[in-house]
Amino acid sequence: MNTAGHSEALTRLGLELTPFRGLRYDPDRVGSLASVTSPPYDVVVRPDGLHHLQSADPHNIVRLILPQAGTPSARTEQAAETLRRWLDEGILTADPEPGLYVYEQQDGDGMIQRGIIGTLRVSEPAEGVVLPHEDVMPPVVADRAALMRATRANLEPLLLTYRGDGAAAEVVERTAARPPLLATTTEDGFRHRLWSVTHPDDLALVQADLAGRQALIADGHHRWATYRQLRAEHPSPSPWDYGLVLLVDTARYPLRVRAIHRLLHGLPVADALAAVDGLFRVRRLDMPLAEALAVLADASCAGNSFLLAGDGAFHLLDRPDPDLLARTVPADRPAAWRSLDATVLHATLLEHVWHIPEDSPAHIAYIHDTAATVAKAEHDGGTAVLMHPVREEVVRDLAMQGVTMPRKSTSFGPKPASGLVLRALEI
């Protein structure tokens, strides 16, 4: 082996973040910047949230990220036509020069998160540069890939974290002291501000600092898998070699980690409880949601635990039968993975006890909002399975071992708002 060449190749591996000419809404052409933004596509709870966003402004970004039409091909073509029209009409305009973008979110309690938006070189998990921690659902990747092919755009940044506290972080702080390109407050109470970084010296500092770092996918596994698929489809070099991301330095701005809950369609709570009788300890909790979640948090300290809801009460499942876990949880994974609540939920409860396919939208929905999950279960007659969040260090440790968690195991936040800056591949 050519050791020198091998060492040189290794030194090139790292986060390669490049400037781009961002597409942004012209504030004079829309009702307000807040009215055209949206949560990421997979956080919008259909159909209520979708209809609300569509009615907020005729140019809301949801018309691009979640187009509505009768067939998949009609949906993607509709999004492509909408994007072309908005560009022609000047609804969306490209910034005059390439840059990176400093993005800040602040909630009503004063919590601030800042990061850098840019286009990141797409890499494979084996390179150890961008670490996934969850599996993906192929139909979702196919849907996102079709949308990106049709629009030839990255419509929303995915969220990556890294630990640096170096020169890039200093550029972020220095930039945030200047007047922003845009500032808006969305209806969830978050204030959003965006700045461009175009000076060659600042760009060089950021790129040199990130070149030795690795990142964890906090939110956007399906979009990252889509970037990888599209890169593989196009001979390099091409614009598909890079994808739009927000990088947050968690040494400066630790993210919040929340659970993603499950809504089981067609499984009444009574049937779910009957099936687990004798396999888990079950306790009925007649109390408000906040108190029930506190009980779940306490129970999770001792082992796997879940809250079921949908019949007007909460039911705590904990203390699973050890023999049941031994029979149903794969033994060829690290102990930290085998003991995850999401592992036990998918391998034991969904597959072996309730016989529910995890990748079928007709049987299961993944919802971020706790109260919404409970409300939908009560309305539809299904079962809400409420989860306790995983600690970030557990997620990172597993990712560094190359071990992926069950899909939709975590929800890192705050997530970037969609619609503040987009990337068109040809601009």
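Residues numbered from 1 in each chain as written. Predicted model: local features only at pLDDT ≥ 70, side-chain atom pairs only at ≥ 80, totals over all residues. Heavy atoms only, no water.

1. Some thoughts on the overall build of the protein chain
Here comes step 1: Counting its regular elements, the protein chain contains 15 helices and 21 strands.
Here comes step 2: For 427 residues, the compact-globule formula gives about 22 Å, and the C-alpha radius of gyration of the protein chain, at 22 Å, lands near that figure.
Here comes step 3: With the C-alpha coordinates of the protein chain rotated into their principal frame, the extents come out at 65 × 60 × 40 Å.
Here comes step 4: When the 427 residues of the protein chain are sorted by exposure, 54% land in the buried category.
Here comes step 5: Intrachain contacts of the protein chain at a sequence separation of at least 6 include 78% that bridge at least 24 residues. (Helix = DSSP H or I, 4+ residues; strand = E, 2+ residues; numbered from the N terminus. Rg over C-alpha atoms; globule rule 2.2 N^0.38 Å. Buried < 20%, exposed > 50% of the residue type's maximum accessible area, 1.4 Å probe, protein only. Contact = heavy atoms within 4.5 Å.)

2. Brief notes about empty space enclosed by the protein
Here comes step 1: All told, the structure shown has three cavities of 30 Å³ or more when counted by the stated rule.
Here comes step 2: Taken together, 15 residues make up the lining of the largest cavity; nearest its centre are Glu134, Asp219, Gly220, His221 and Lys408.
Here comes step 3: Of all elements in the fold, only β11 (215-219), α8 (221-233) and β20 (411-413) reach the threshold of two or more residues within the lining of the largest cavity.
Here comes step 4: In terms of residue count, α8 provides more of the lining of the largest cavity than any other element does, three residues in total. (1 Å grid on protein atoms, 1.4 Å probe; cavity = no way out; pocket = protein on both sides within 12 Å on 5 of 7 lines; lining within 4 Å. Points joined across faces, edges and corners; volume = space filled by probe spheres on them.)

3. Things to note about the pattern of salt bridges
Here comes step 1: Enumeration according to the criterion identifies 25 salt bridges in this entry.
Here comes step 2: Arg281 serves as the salt-bridge partner of Asp318, at 2.8 Å between the closest nitrogen and oxygen. In this pair, Asp318 is assigned in strand β17 (residues 314-318) and Arg281 in strand β15 (residues 281-285), connecting sequence segments 37 residues apart.
Here comes step 3: With a relative accessible area of 5%, Asp318 lands in the buried category.
Here comes step 4: A salt bridge links Asp318 to Arg283, with the nearest nitrogen and oxygen atoms 3.2 Å apart. Here Asp318 is found in strand β17, whereas its partner Arg283 is found in strand β15, with 35 residues between them in sequence.
Here comes step 5: Arg283 gets classed as partly exposed once you look at its relative accessible area, which sits at 32%.
Here comes step 6: Taken together, the shared-partner salt bridges in this structure form one network comprising Glu104, Arg114, Glu173, Arg191 and Arg193. (Salt bridge = Lys/Arg side-chain N within 4 Å of Asp/Glu carboxyl O.)

4. With respect to the environment of Val276
Here comes step 1: Note that Val276 resides in helix α9 (residues 269-276).
Here comes step 2: With 44 residues separating them along the chain, Val276 and Pro320 place their C-alpha atoms 9.3 Å apart.
Here comes step 3: Excluding its chain neighbours within four sequence positions, the residues that come into contact with Val276 are Val282, Leu317, Leu349, Val353 and Trp354.

5. Here's the deal with the pairing of strand β9 (residues 182-185)
Here comes step 1: Going residue by residue along β9, you find Leu182 and Thr184 tucked away on one face and Ala183 and Thr185 left uncovered on the opposite face.
Here comes step 2: Across four bridges, the pairing between β9 and strand β10 (residues 191-197) is antiparallel. Along β10, the bridge assignment pairs Thr184 with His192.
Here comes step 3: Hairpin connection, β9 to β10: the antiparallel pair is bridged by five residues, and Gly189 has positive phi, about 90°. (Pairing = 2+ DSSP bridges.)

6. Structural notes on the packing of aromatic side chains
Here comes step 1: Enumeration over the complete set of coordinates arrives at four aromatic pairs.
Here comes step 2: Pairing Trp224 with Tyr227 gives two aromatic rings, centres 6.0 Å apart and planes at 70°, and the pair type is edge-to-face. Taken together, the residues Trp224 and Tyr227, both in helix α8 and three residues apart, mark about one turn of the helix. Residue Trp224 shares its accessibility class with Tyr227, and that shared class is buried.
Here comes step 3: Judged by centre distance (6.3 Å) and plane angle (65°), the rings of Phe280 and Phe306 are edge-to-face. Taken together, the residues span a long stretch of sequence, with Phe280 in the loop between α9 and β15 and Phe306 in strand β16 (residues 305-309) at a distance of 26 residues.
Here comes step 4: The ring centre of Tyr41 lies 4.0 Å from the NZ or CZ of Arg144, which sits over that ring. (Phe/Tyr/Trp six-rings, centres within 6.5 Å; stacked < 30°, edge-to-face > 60°. Lys NZ or Arg CZ within 6 Å of the ring centre and 35° of its normal.)

7. Examining the confidence of the model for the protein chain
Here comes step 1: Looking at the protein chain, pLDDT values average 91 and 94% of them are 70 or higher.
Here comes step 2: Of the regions scoring below 50 in pLDDT, residues 1-12 engages in one contact with residues more than four places distant in sequence or in other chains. (pLDDT = per-residue confidence, 0-100.)

8. Side note on unusual backbone geometry
Here comes step 1: Cis geometry marks the peptide bond from Ser236 to Pro237; its omega dihedral reads 0°.
Here comes step 2: Along the chain, the position of Pro237 falls in the loop between α8 and β12 (242-249).
Here comes step 3: Following Gly413, the chain continues to Pro414 via a peptide bond in cis, the omega torsion being 5°.
Here comes step 4: Its place among the elements puts Pro414 in the loop between β20 and β21 (423-424).

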